[in-house]
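Examination of the molecular architecture
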Amino acid sequence: MKHHSLIFLTGFSGSGKSTIGPLLANSLGYGFIDLDQEIESKAGKSITKIFAEEGEQAFRNLELETLRQLTGKKELVVSLGGGVLENNDCYGLIRENGTLVYLKSSPRSLARRLCNKTDRPLLKGEHGKRLSREEIELKISTILEKREPRYATADLNVQTDIKRIGFTVEELTRKIIRFVRQAEQARLKQQSDNNREKQ
């Protein structure tokens, strides 16, 4: 059964999921889980190490397994890894079980935030070579173009690179409370209509 208060935060790496997630959860009075941290704790090693030692497919399998354990929960904000939605099984689980929220940022903002990070495997060049800011921006644009159709299916979205974090969290809190309330009312109405038809 779908729980609209199970909130999945998606967006490109650097869009603010790990920063906004705990603040949003606190503002809503929900729990918070960072999916990548959960995977690292399960595997006993960093995501960079999983990618290097076991490859991307092993990481994606762990991602799906961890996600499965979160479905069915309520009043929880889950910060997703940037590429989760590319996995059809993960995408299906998320759409069937909760509310998808897209944190949107421009490639330029993302490149600015990510150019000094060393823990993002997909933003490295050949043989782990460090990329320039321009190369990172180009790579982000290419990956975003591929992911955008799935991001576009989110129930709610918010631009994270034009406002301060506090305003973004306030805006998201309002949107989520309204969305969850309306979804719950629609569910109750549907239930009531079904019961009437059975009588």
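The rules behind the values
Residue numbering note: each chain is counted from 1, following its sequence as written. In view of the model being predicted, local features appear only for residues whose pLDDT reaches at least 70, and side-chain atom pairs are presented and counted only at 80 or more, with totals across whole chains, interfaces and linings using the full set of residues. Hydrogens and water are ignored here; the side-chain numbers use all heavy atoms of the structure. Elements are defined by DSSP. Helices are runs of H or I of four residues or more, strands are runs of E of two residues or more, and each kind is numbered from the N terminus. It is over C-alpha atoms that the radius of gyration is taken, and the globule rule equals 2.2 Å times the number of residues to the power 0.38. Relative accessibility thresholds used throughout: buried, under 20% of the residue-type maximum; exposed, over 50%; partly exposed, between the two (1.4 Å probe, protein chains only). Classification of ring pairs uses Phe, Tyr and Trp, with its six-membered ring standing for Trp, and accepts pairs whose centres are within 6.5 Å; under 30 degrees between planes counts as stacked, over 60 as edge-to-face, and the remaining range as tilted. Remark: a charge is flagged as sitting over a ring if the NZ atom of Lys or the CZ atom of Arg is within 6 Å of the ring centre and within 35 degrees of the ring normal. It only takes one pair of heavy atoms within 4.5 Å for two residues to be counted as in contact. Just to be clear on terms, a salt bridge is a Lys or Arg side-chain nitrogen sitting within 4 Å of an Asp or Glu carboxyl oxygen. The rule for pairing is simple: two strands pair if DSSP sees at least two bridges between them. Simply put, an axis is a line fit to the C-alpha atoms, just over the touching stretch for a helix, and the angle between two N-to-C directions goes from 0 to 180 degrees. Any pair of N or O atoms that falls within 3.5 Å is considered a polar contact. Within protein, one atom must be able to donate a hydrogen and the other to accept it, and sequence-neighbouring residues count only if both atoms are side-chain atoms. UniProt positions are given in the numbering used here, feature names are shortened, and annotations may be inferred rather than shown by experiment.

Turning our eyes to something else, we now look at the overall build of the protein chain. Counting secondary structure elements, the protein chain contains eight helices and five strands. Order of helices (α) and strands (β) in the protein chain, N terminus to C terminus: β-α-β-α-α-α-β-α-β-α-α-β-α. Relative to its length of 199 residues, the protein chain is compact, with a C-alpha radius of gyration of 18 Å against a globular reference of 16 Å. The dimensions of the protein chain, computed from C-alpha atoms along their principal axes, are 65 × 35 × 30 Å. A burial count over the protein chain gives 43% of its 199 residues as buried.

Before going further, it helps to spend a moment on the packing of aromatic side chains. Inspection of every chain in the model, using the stated rule, returns two aromatic pairs. Taking 5.2 Å as the distance between ring centres and 40° as the angle between the ring planes, the aromatic pair formed by Phe51 and Phe59 counts as tilted. When the ring centre of Tyr91 is taken as reference, the NZ or CZ atom of Arg150 above it lies at 4.1 Å.

The next subject is helix α6 (residues 107–114). Restricting attention to buried positions, one finds in α6 the residues Ser109, Leu110, Ala111 and Leu114. Packing partners of the buried residues in α6 comprise α7 (133–151).

It is worth spelling out the pattern of salt bridges at this point. A full pass over the atoms with the stated rule returns 12 salt bridges. Arg95 serves as the salt-bridge partner of Asp155, at 3.1 Å between the closest nitrogen and oxygen. Taken together, the residues Asp155 in the loop between α7 and β5 (156–159) and Arg95 in helix α5 (residues 88–97) connect sequence positions 60 residues apart. In this structure, Lys163 and Glu171 form a salt bridge, with 2.7 Å as the shortest nitrogen-oxygen distance.

Let's shift gears to the sheet that holds strand β2 (residues 31–34). In spatial order, the strands read β2-β3-β1-β4-β5; together these five strands make up an open sheet with parallel pairing. Each end of this open sheet is capped by a strand with a single partner; those strands are β2 and β5. Going across the sheet, the axis of each strand differs from the next one's by a mean of 20°, ignoring polarity. Contacting β2 and β3 (76–79), helix α2 (residues 35–43) crosses the sheet at an angle of about 65° to β2.

Here we come to the environment of Ser15. Along the chain, Ser15 falls in the loop between β1 (6–10) and α1 (17–28). Residue class for Ser15 comes out buried when judged on its relative accessible area of 2%. C-alpha separation for the pair Ser15 and Ala152, spaced 137 residues apart in sequence, amounts to 15 Å. At 2.8 Å, the side chain of Ser15 forms a polar contact with the backbone oxygen of Phe12.

Attention now moves to the UniProt feature "binding site: ATP" (unreviewed entry) in the protein chain. Under the UniProt annotation, the feature "binding site: ATP" (unreviewed entry) is placed at Gly14, Ser15, Gly16, Lys17, Ser18, Thr19 and Arg120. Counting through the fold element by element, Gly16 comes out in the loop between β1 and α1. Of the residues examined, Gly16 reaches a relative accessible area of 18% and is grouped as buried. Leaving out residues up to four positions away in the same chain, Gly16 has contacts with Gly21, Leu103 and Arg113.

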